[in-house]
Amino acid sequence: MTETPPSVVIEGLSKRFDGPDGKPFEAIDNMSLTIRPGTLAAFVGPDGSGKTTLMRMMAGLLQPDDGSLHVLGIDLAEDPQAVQNRISYMPQRFGLYEDLSVQENLDLYADLHGVPQDVRSERFSRLLAMTDLAHFTGRPAGKLSGGMKQKLGLACTLVRVPDLLLLDEPSVGVDPLSRRDLWEIIKQLIAEEGLSVIVSTAYMDEAGRCDHVFVLNGGRLLAEGTPADLTARAKGLTYVVTPQDGVPARNLQARLIDAPDLVVDAVPAGGRVHFIRQPDSDEARLHALLPDCDPQPRKEELEDAFMLLLHQQDTPGQDASTPPPLASQEIHGPTNGHGEGPVILVRDLVRRFGDFTAVANTSFDVARGEIFGLLGPNGAGKTTTFRMLCGLLPATSGELQVAGVNLRTARSAARARIGYVAQKFALYSNLTVYENLDFFGGAYGLRGARRRKRVEEIICQFELDPSAQSGNLPLGYKQRLAMAAGLLHEPEILFLDEPTSGIDPLARRAFWRTITALAQAGVTVVVTTHFMEEAEYCDRIAIQDAGRLLAIGTPQQVREESGLEGGHMNEAFIAIVEKARAEEGQAQEAA
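Please read all numbers here as calculations on a predicted model, not as lab measurements. (Residues numbered from 1 in each chain as written. Predicted model: local features only at pLDDT ≥ 70, side-chain atom pairs only at ≥ 80, totals over all residues. Heavy atoms only, no water.)

### Describing the overall build of the chain
- For the chain, the helix and strand inventory stands at 20 helices and 24 strands.
- The C-alpha radius of gyration of the chain comes to 25 Å, within 12% of the 25 Å expected for a compact globule of 591 residues.
- Put simply, 70% of the contacts in the chain that link residues at least 6 apart link residues at least 24 apart.
- Within the chain, one finds 57 positive and 79 negative side-chain charges whose respective centroids are separated by 6 Å. (Helix = DSSP H or I, 4+ residues; strand = E, 2+ residues; numbered from the N terminus. Rg over C-alpha atoms; globule rule 2.2 N^0.38 Å. Contact = heavy atoms within 4.5 Å. Lys, Arg positive; Asp, Glu negative; His and termini not counted. Charge placed at Lys NZ, Arg CZ, Asp CG, Glu CD.)

Below, the structure written as structure tokens:
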């Protein structure tokens, strides 16, 4: 009996690209690894670590510069087509045809892959059932929610039965419900079809579901092993601490990560702070950092080991891609804040598109200096709400005031007092950092010496290189530049639309340290996110679905409302949404 070869064997693999400065850099640097057949394997690592390059090489889309790469026992350098005939690859931005229906997309990909007509009906039925798209076959792909698009992309990838499935960050930009559904589909495929699957992911909880995890950074393999083996590296170093009454957990977290010689990492969690101490940290200094607090040991997690590995390695590319966090004293607050009371007031807000109600009778307030999170599944109406709050979309009815200005009657006046950072990098890539900031300063109404002064101040505050070409900046610095542009005119309110979508935990820490500094300086922050752990940074959160407001309160209050007081925010979010959907379904049946 012939032994099944490993899914992937990599020996001394290297891949070079020309960098923004014209100098070559190693995207994959002398890497060696083996992935056993029948394995669910994960690649994790910061942005720029080489995950996507490695995926594209395994799919036969990029040729190695050095070393060897065998997939399913085939040398990719000799016969890439033979490999491509036996694998399926879903890139981060899967190419759906948005003007074609769900069924037409499936038919098209079946034609492209040469799937025989006599097997299509059974295959399509199974995939549509798995992805819960059977009732949407006639809907154009462009009309699907983000989560449904991802599930359709996975179905199109699987119109033929591959020997190996490659998934490059399949759950980027989708909500916890859709992430759960995607992983249920993957588990079902492995159980029923014996698929080998390799996935890259920015979510450590997803990596924890895999058989084997490979940690990459700067094109190198830092570590590999089962989730349990890797997690054990953080044993004895993980703690939980409760802040004093009235102190936001994010402020205590900021204090901890501002002491990197004592603390590796810290995150808010359930009103408390989880942190990892440095292996050789001074106990007396650590206790002095936490006066009147009593740190307690806690069970280590995979993300703890991941952060520990990254901070222990001096790997090329790490510092370049992720900017250091900004200290609170370096951030200046708004100069035009005034008065007491809510800075955002929403009453009975409604937005309709024809016969479709995207937002229905939503009401809430946001206080000055508060971090307010707007959460919801894909298609829940939160983006529509967000755009109305920013003055980018008029409301159909209801009352909406931002910074004391009625947005229904004076949107331009309100926009002068708010800053906005879009999910996608929306600055001019061919301009330098200084040129971008100078341009946006003019767009925000700054003139002459005042504009020059603000541009220089913001460059200093955000530690940016004024001469760097914006399009060549690493992702972490692009985010920092976008935030600097949004704060040039010293707005009272900063709107952040899924600002950390698709970025790794290391970059998310630096980003949220900056947000904490802004809140401490008096800036009001409204943020949408699909990372439920980021809700822990917020003073309050609101959960929407189908245009309705389902829950609002502090993270702890929302957990209590879900019935999962001590649980993770992911579970609380799913419980609240599923309960509301079940009640809505029962009401419709009764009617």
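### Some points on the pairing of strand β9 (residues 212-217)
- Most of β9 sits out of view: 6 of its 6 residues are buried.
- Here β9 shows no split at all, with His212, Phe214 and Leu216 on one side and Val213, Val215 and Asn217 on the other all buried.
- Where strand β3 (residues 40-44) lies against β9, 4 bridges are found, and the strand directions are parallel. Following the sheet pairing, phenylalanine 43 is matched in β9 by phenylalanine 214.
- Pairing geometry for β9 and strand β10 (residues 220-225), over 5 bridges, is antiparallel. Among the inter-strand pairings, asparagine 217 is bridged to a residue of β10, identified as arginine 220. (Buried < 20%, exposed > 50% of the residue type's maximum accessible area, 1.4 Å probe, protein only. Pairing = 2+ DSSP bridges.)

### Topic: the pattern of salt bridges
- Scanning all chains against the criterion turns up 37 salt bridges.
- Here glutamate 26 makes a salt bridge to arginine 16, at a shortest N to O gap of 3.1 Å. One end of the pair, glutamate 26, is in strand β2 (residues 24-35); the other, arginine 16, is in strand β1 (residues 8-18), and 10 residues separate them in sequence. (Salt bridge = Lys/Arg side-chain N within 4 Å of Asp/Glu carboxyl O.)

### What to know about the confidence of the model for the chain
- Within the chain, residue pLDDT values average 87, and 94% of them lie at 70 or more.
- Model confidence for the chain, summarised as mean pLDDT per element, is weakest for helix α12 (residues 318-321) at 49 and strongest for helix α8 (residues 227-231) at 97.
- In the predicted structure, residues 315-319 sits below a pLDDT of 50 and forms 11 contacts with residues beyond four places in sequence or in another chain. (pLDDT = per-residue confidence, 0-100.)

### Here we look at the packing of aromatic side chains
- Using the criterion set out here, one finds 13 aromatic pairs in the structure.
- Ring geometry for phenylalanine 17 versus phenylalanine 25: centroids 6.2 Å apart, planes at 40°, classification tilted.
- With 5.1 Å between their ring centres and 15° between their planes, phenylalanine 364 and phenylalanine 372 make a pair best called stacked. Taken as a pair, phenylalanine 364 and phenylalanine 372 share a single burial class, namely buried.
- Grouping aromatic residues by their ring pairs yields a cluster made of Phe386, Tyr420 and Phe495.
- Taking the ring centre of tyrosine 203 as reference, the NZ or CZ of arginine 179 above it sits at 3.8 Å.
- Over the aromatic face of phenylalanine 531 sits the side chain of arginine 508, whose NZ or CZ is 3.9 Å from the ring centroid. (Phe/Tyr/Trp six-rings, centres within 6.5 Å; stacked < 30°, edge-to-face > 60°. Lys NZ or Arg CZ within 6 Å of the ring centre and 35° of its normal.)

### What about the packing of helix α15 (residues 433-443) against helix α16 (residues 448-461)?
- Between α15 and α16, the shortest axis-to-axis distance is 10 Å and the interhelical angle comes to 130°. It follows that α15 is oblique to α16 by the angle criterion. In the packing of α15 onto α16, the handedness of the crossing is right-handed. Residues Tyr434, Leu437, Asp438, Gly441 and Gly442 of α15 touch α16, and the partners they reach there are Arg451, Arg452, Val455, Ile458 and Ile459. (Axes fitted to C-alpha atoms, helices over the stretch in contact; angles between N-to-C directions. Parallel < 35°, antiparallel > 145°, perpendicular 65-115°, else oblique. Left-handed = near helix turned anticlockwise from the far one by under 90°.)

### Description of the side chain of threonine 384
- Mapped onto the elements, threonine 384 comes out in helix α13 (residues 382-389).
- Beyond its immediate sequence surroundings of up to four residues, threonine 384 is in contact with Arg351, Phe353, Ala358, Val359 and Leu393.

### Some words on the sheet that holds β10
- Taken in spatial order, the 6 strands make up an open sheet running β6-β7-β8-β3-β9-β10, and their pairing is mixed. The outermost strands of the open sheet, each flanked by one partner alone, are β6 (87-90) and β10. Ignoring which end each strand starts from, the neighbouring axes of this sheet average 15° apart.
- Note that β3 and strand β8 (residues 196-200) share 4 bridges and pair parallel. Paired with phenylalanine 43 across the strands is serine 200, a residue of β8.
- Taken strand by strand, helix α5 (residues 146-157) contacts β6 and β7 (164-168), and its axis lies near 160° from that of β6.

### What about the nonpolar core?
- One finds Leu106, Leu152, Leu154, Leu167 and Val215 to be the most contacted residues of the largest nonpolar core, which totals 55 residues.
- Here the element with the most residues in this core is helix α11 (residues 302-312); it accounts for 6 residues.
- Every residue in contact with valine 215, bar those within four places of it in the chain, is listed here: Val44, Arg220, Leu221, Leu222, Ala223, Leu230, Phe306 and Leu309.
- Listed in part, the 51 residues of the second largest apolar core include Ile371, Val455, Ala485 and Ile576. (Core = buried A, V, L, I, M, F, W, Y, C linked by side-chain atoms within 4.5 Å.)

### Here's the deal with the sheet that holds strand β15 (residues 344-353)
- The sheet built from 4 strands is open, its strands ordered β16-β15-β18-β19 with antiparallel pairing. Edge positions in the sheet fall to β16 (356-366) and β19 (405-406), since each has one partner strand and no second.
- Relative to β15, α13 is tilted by about 120°, and along the sheet it contacts β15, β16 and β18 (397-402).

### A closer look at unusual backbone geometry
- You will see that aspartate 292, though not glycine, has its phi angle at about 65°, which is positive.
- Summarising the element assignment, aspartate 292 is placed in the loop between α10 (283-289) and β14 (296-297).
- Positive phi, normally seen in glycine, also occurs at glutamate 498, with a value near 45°.
- Relative to the assigned elements, glutamate 498 resides in the loop between β21 (493-497) and α18 (505-520).
- Judged by relative accessible area, glutamate 498 falls into the buried class, the value being 8%.

### Things to note about the domain arrangement of the chain
- For the chain, the assigned domains are domain 1 (8-223), domain 2 (231-313) and domain 3 (344-417 + 491-590).
- On a C-alpha basis, the centres of domain 2 and domain 3 stand 29 Å from each other.
- Facing the 18 residues of domain 2 at the interface are 15 residues of domain 3.
- At the boundary of domain 2 with domain 3, total buried surface from both sides reaches about 1300 Å², with 53% on carbon and sulfur atoms.
- Interface area lost by domain 2 to domain 3 is led by Arg250, Pro268 and Gly270, which between them contribute 39%.
- The tally of links between domain 2 and domain 3 comes to 4 salt bridges. (Domains from an automatic or database assignment. Buried area = accessible area lost by both parts, 1.4 Å probe.)

### Here we look at the packing of α11 against α18
- With their axes 10 Å apart at the nearest point, α11 and α18 run at an angle of 85° to one another. Relative to α18, the element α11 lies roughly perpendicular. Contact residues: Glu303, Phe306, Met307, Leu310 and His311 in α11; Pro505, Leu506 and Arg509 in α18.
- Tallied by class, the residues present in the contact of α11 with α18 amount to 5 nonpolar, 1 polar and 2 charged. (Nonpolar A, V, L, I, M, F, W, Y, C, P; charged D, E, K, R; others polar.)

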